[in-house]
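Notes for the structure review
Chain residues, written in single-letter form:
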Amino acid sequence: MARADPHGEDKTGRPGSNQISGGVFFHAVIQGRDITVQLPPQTTSALYGLPPVSSAFTGREEQVEELLGTVAGGRPQQAVLVAAVAGLGGIGKTELVVQTASRALKQPGCFPGGVLFVDMFGYDQERWLAPERALGGLLRALGVQNAQIPSDLQDLSRLYRSALAALAQAGSRVLVVIDNASSADQVRPLLPTDGITAALVTSRDTLDLDARLYDLGTLSESASVDLLNRVLREARGPGDTRVHDEPEEAAALAQLCGGLPLALRIAASLLIDYPTRPLSSVARALSVEQSRLHRLRRKDRAVRAAFELSYRRLPSAHQRLFRLLSLNRGPDISTAAALHLSDLDDYGTEELLHDLARCHLIEPGITWGRWRLHDLVRLYASELGSQQANVDRRDAVQDRLHRHYVETARAARSNLTVVTEPLTPLREPPSPRFNSEEEAEGWFEQECQNLIALIIAATVDVRSPNAILLAAFLAPYLRWEWRFRDMRSVVAAVETLARERADSPGRMGLSLLLISYELDRMDYTYWAVDLLMYAIDFLCECRSRRFEVMAMQEIHHHLLKIIRRVGVLPQETASKLDQLTLAHAHLVPPEHTESDRTCWCRQCWMKRIGTLKLVPALISRPGVEPFSLRDRRLPG
């Protein structure tokens with residue numbers, strides 16, 4: 001390098017010329033008239049500091065291609081090349097961006113400057129990384145000496161962005177990976193702004209950034225099974241064929257893990273510990289809901305801990321609503337129903353739901369205005385809810401939610417029962433809550449699985465006095481849509497509730513009467529008779545003579561239908577009917593009326609029963625399909 005006059009002039013008095021070409025410098029440069037820089041033949045990459053990629057990565061090929069398409073462009077003056085991946089804790093965000101960055105580095109000429117990686121520890125209170133510290137580390141990785149690194153955030157960001165832009169202009173474009181950021185303020189100073197340098201960001205929250213946003217979901221069942229297989233074979237070698245040997249257990253295990261990569265890897269680790277342990281053993285251990293989260297842990301990894309990092313950052317009102325959302329037993333919940341969980345108005349409740357969705361503790365449903373929890377998140381919310389039951393007034397809130405479903409189902413039912421149908425045990429005018437039959441049917445369609453889940457849960461662990469009445473209001477819709485399987489599930493639960501006397505005699509009797517009406521119209525006539533005999537006992541107990549008579553008339557109608565169509569009756573049913581005529585003699589005419597073809601005195605009862613072929617059993621038993629009058633399995 002030539003000597004330079006300290007005042008910037010040569011011996012002739014002309015101004016000195018300082019020119020640097022062929023490289024990028026972030027150090028002090030001595031001013032001089034002529035400076036010559038000798039560069040090495042090839043520019044060294046800025047950094048290759050990515051975490052190791054997993055060979056068990058699977059099920060995300062489409063997402064990787066989308067991310068590569070976003071960050072691999074680099075056209076001059078293009079908008080900021082930032083892809084922000086958001087999702088639930090344990091969903092696999094870090095692995096996705098690391099895999100994407102690794103593939104991007106292998107594409108010739110895409111990122112010759114290498115990759116900068118920084119973990120912001122955004123959800124860890126002890127290790128949370130301030131943007132100033134992150135920028136200092138990134139600048140040092142780029143080769144800037146400590147003496148040249150400023151302390152002010154604005155100056156740090158300016159120098160960092162200038163360095164990235166200079167590298168890009170010099171043909172050493174860098175990919176920046178910012179992992180585990182918790183807020184836009186934490187990550188925004190680290191984003192490049194030159195329109196060429198690209199960045200990948202991960203967060204559990206949907207961040208307000210000038211970025212292409214990607215919401216990462218769970219793995220499909222096939223991808224989950226593949227992940228289990230890959231992790232096992234990676235750890236134990238190709239000889240570990242347990243996933244291949246137990247395909248049904250592998251599918252069950254994938255389902256219990258809910259497609260969550262963290263849960264799947266923990267389950268695989270439990271199998272790795274013992275090469276002879278079958279998948280069925282782990283599946284059985286996880287099948288108990290109350291202990292599933294406790295068992296999904298190993299050493300420093302735990303599903304519950306991953307959720308807790310997101311939950312504890314929530315304000316108290318958000319935490320309370322999150323805990324209470326687990327009261328809804330179905331797959332999703334509407335904003336209107338969630339309103340009955342909170343102590344807020346419509347707008348306040350909706351804002352809380354949006355906030356919970358932005359931090360991915362809940363997610364939007366298939367249709368707008370509905371929200372759902374991942375199965376494991378639901379268990380976590382339920383655990384927290386049990387711990388805070390008194391604070392949340394959990395029992396009162398649950399009753400409020402159930403009453404909302406019952407009242408709305410009753411209103412919707414009134415719009416489905418049109419005047420052209422035969423007289424039903426409960427005839428009400430159409431409720432003004434729905435503008436049309438189609439609107440009422442649409443409500444049932446959206447809420448059907450929630451209502452069924454509530455009814456079934458009432459037989460197990462959620463004692464709801466509204467469940468059997470809700471079943472009565474739901475039954476017309478199930479018959480309307482010919483949803484045989486759902487109807488069978490609901491009626492089986494109703495029988496259990498009837499045996500346990502889960503409600504008042506009057507409501508039990510009326511509900512059974514309403515349900516039997518719909519069962520008969522689906523040709524489950526034997527089952528309808530069975531429910532009606534239950535109903536008469538309850539209606540007699542509460543002295544509801546009108547409905548008692550109606551239930552007995554329904555039995556008459558069903559028996560004539562059976563005689564006319566199949567001529568077969570189970571012996572057990574015949575015996576119950578005989579006892580019914582004796583126990584409820586007030587419903588049986590005391591004398592025979594010869595001129596009346598519809599006489600149902602005791603003599604006529606026995607005569608009609610005598611025309612039927614009695615068989616051992618037809619009515620459903622646990623695990624056995626109920627018989628329909630259309631069923632070819634009917635004897636005789």
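Model, not experiment: these values are computed from the prediction. (Residues numbered from 1 in each chain as written. Predicted model: local features only at pLDDT ≥ 70, side-chain atom pairs only at ≥ 80, totals over all residues. Heavy atoms only, no water.)

This part is about unusual backbone geometry. One non-glycine residue, Lys299, lies in positive phi territory at about 55°. Here Lys299 lies in the loop between strand E7 (297-298) and strand E8 (301-302). Unusually for a residue other than glycine, Arg501 sits at a positive phi of about 50°. When you line up the elements, Arg501 lands in the loop between helix H21 (484-499) and helix H22 (505-521). (Helix = DSSP H or I, 4+ residues; strand = E, 2+ residues; numbered from the N terminus.)

The subject of this paragraph is the pairing of strand E5 (residues 198-203). Counting buried positions over the six residues of E5 gives six, a clear majority of the element. Side-chain alternation along E5 places Ala198, Leu200 and Thr202 on one buried face and Ala199, Val201 and Ser203 on a second face that is also buried. Where strand E2 (residues 81-86) meets E5, six bridges bridge the pair, whose relative direction is parallel. Note on E5: the bridge partner recorded for Val85 is Thr202. In this sheet, E5 lies alongside strand E4 (residues 174-179) in parallel orientation, the contact comprising four bridges. Residue Val177 lies in a different strand from E5, and its bridge partner there is Leu200. (Buried < 20%, exposed > 50% of the residue type's maximum accessible area, 1.4 Å probe, protein only. Pairing = 2+ DSSP bridges.)

In regions of low pLDDT, the predicted coordinates are not meant to be interpreted in detail. Taken residue by residue, the protein gives an average pLDDT of 87. The fraction at 70 or more is 87%. Averaged pLDDT values for the elements of the protein fall to 66 in strand E1 (residues 47-48) and rise to 98 in helix H13 (residues 316-325). Taken as a whole, residues 1-22 scores under 50 in pLDDT and shows 26 contacts with residues more than four places along the chain or in a different chain. Throughout residues 28-46 the model reports pLDDT below 50, and contacts reaching past four residues in sequence, or to other chains, amount to 33 contacts. (pLDDT = per-residue confidence, 0-100. Contact = heavy atoms within 4.5 Å.)

Evaluated as defined, the whole model comprises 12 aromatic pairs. When the centroid spacing of 6.2 Å and the interplanar angle of 50° are considered together, the rings of Phe322 and Tyr380 count as tilted. Highlighted residues: Phe322 in helix H13 and Tyr380 in helix H16 (residues 375-387), separated in sequence by 58 residues. Grouping residues by exposure puts Phe322 and Tyr380 together as buried. (Phe/Tyr/Trp six-rings, centres within 6.5 Å; stacked < 30°, edge-to-face > 60°.)

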